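Remarks on the overall topology
The chain contents come next:
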Amino acid sequence: SVSMLAWTLTSIAWPLGFALSIPEQQARENETLLHELLHRTKNNMHVIISLLEWQKSITDDPSVRDSLGAVQSRVFSMALTHQQLYQGADLSRVPIKSYVTDLLQSIESSHGRGPGTLEIASDVDEFTVLIDTAVPLGLILTEAVTNAFKYAFPDGDGRIGWTIAGMIPTAV
């Protein structure tokens, strides 16, 4: 009778344990799908960037080339956000310090400035934000720094400084 009871408990517990693991399995599958979606989105944005680069190379109009370059910078800003998401530990939050650092380096290199001609200094706290915050922040940063390269320092000498501080949540 003890062995019969053990068999009965085992036969009841096994389906329950299996049923309890289904949500965990679905959560893992959803995370994998989200990771893949972020990666594909980033790759698609890089295809758009390449198409814009190709279009720039076949036009003779400098104003068209400048406009296409501005669009490229904006798309890159969004692509970098997705890259930071899928490479990070949390698929819903962007690490701002590495995002801003990578974005500023990209903007600097896209303007063809040699090192030391126009300094970009940034002081960025280590914190994360949702993609809904990171994308507009990246676009604003891209516009501001690009405009500084174009208009604030026409002779190429100067310093652009950024400070981005995150709020530290407090326990309630």
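About the cut-offs
Along every chain, residues carry numbers that run from 1 in the direction the sequence is written. Only residues with pLDDT of at least 70 get local features here, since the model is predicted, and only at 80 or more are side-chain atom pairs given and counted; chain-wide, interface and lining totals rely on the full set of residues. With hydrogens and water excluded, all non-hydrogen atoms of the structure serve as input to the side-chain values. By nonpolar core is meant a set of buried Ala, Val, Leu, Ile, Met, Phe, Trp, Tyr and Cys residues that side-chain atoms within 4.5 Å join together. Exposure categories follow from relative accessible area, calculated using a 1.4 Å probe and restricted to protein chains: below 20% of the type maximum is buried, above 50% is exposed, and the middle band is partly exposed. Secondary structure elements follow DSSP: runs of H or I of four or more residues count as helices, runs of E of two or more count as strands, with numbering from the N terminus. Any two residues whose heavy atoms approach within 4.5 Å are treated as being in contact. Put simply, the grid is 1 Å and covers the protein atoms alone, a cavity is a trapped set of points that fit a 1.4 Å probe, a pocket is an open set with protein on both sides within 12 Å along at least five of seven lines, and lining residues have an atom within 4 Å of a point. Grid points are joined across faces, edges and corners, and a volume is the space filled by probe spheres set on the points. For this scheme, ten residues count as nonpolar: Ala, Val, Leu, Ile, Met, Phe, Trp, Tyr, Cys and Pro. Four count as charged, namely Asp, Glu, Lys and Arg, and the remainder, Gly too, count as polar. Lines are fitted to the C-alpha atoms to define the axes, a helix being fitted only along its stretch in contact, and any angle between axes, read from their N-to-C directions, falls within 0 to 180 degrees. Left-handed is the label given to a crossing in which the near helix is rotated counterclockwise from the far helix by less than a right angle, and right-handed is the label when the rotation is clockwise.

1. Quick look at the nonpolar core
The tendency in soluble globular proteins is for nonpolar side chains to be buried as a group. By size, the foremost hydrophobic cluster in this structure holds 25 residues, and its most contacted members are Ile 96, Tyr 99, Val 100, Val 145 and Ile 160. At the level of elements, α2 (62–87), α3 (96–110), β2 (118–124), α4 (131–152) and β4 (158–164) are the ones that each hand at least two residues to this core. When residues no more than four places from it in sequence are discounted, the contact partners of Ile 160 are Leu 118, Glu 119, Ile 120, Ala 121, Val 145, Ala 148 and Phe 153.

2. Some thoughts on the side chain of His 82
Within the secondary structure, His 82 is located in helix α2. You can call His 82 buried: its relative accessible area is 11%. With sequence-adjacent residues up to four places away left out, His 82 is seen in contact with Leu 38, Thr 41, Lys 42, Met 45 and Ile 131.

3. Examining the layout of surface pockets
In this model, the largest pocket occupies a volume close to 310 Å³. What lines the largest pocket is a set of 17 residues, among which Lys 56, Gly 69, Ala 70, Ser 73 and Ser 110 lie closest to the centre. Those elements that provide at least two residues to the lining of the largest pocket are α1 (2–57), α2, α3 and α4. Among the elements that line the lining of the largest pocket, the one with the most residues is α2, at seven residues. Of the residues contributing to the lining of the largest pocket, the split by class is five nonpolar, eight polar and four charged.

4. So, the environment of Leu 85
Its place among the elements puts Leu 85 in helix α2. On a C-alpha basis, the gap between Leu 85 and Leu 34 in space is 9.9 Å, while along the polypeptide they are 51 residues apart. Setting aside anything within four residues of it in sequence, one finds Leu 85 in contact with Leu 38, Asp 90, Leu 91, Ser 92, Arg 93, Val 94 and Ile 131.

5. Things to note about the packing of α3 against α4
Close contact between α3 and α4 brings their axes to 10 Å; oriented N to C, the two are set at 30°. Judged by the twist between their axes, the crossing of α3 over α4 is right-handed. Facing α3, whose interface residues are Ile 96, Tyr 99, Val 100, Leu 103, Leu 104, Ile 107 and Glu 108, α4 presents Ala 134, Leu 137, Gly 138, Leu 141, Thr 142, Val 145, Thr 146 and Phe 149. A class-by-class count of the residues in the contact of α3 with α4 yields eleven nonpolar, three polar and one charged.

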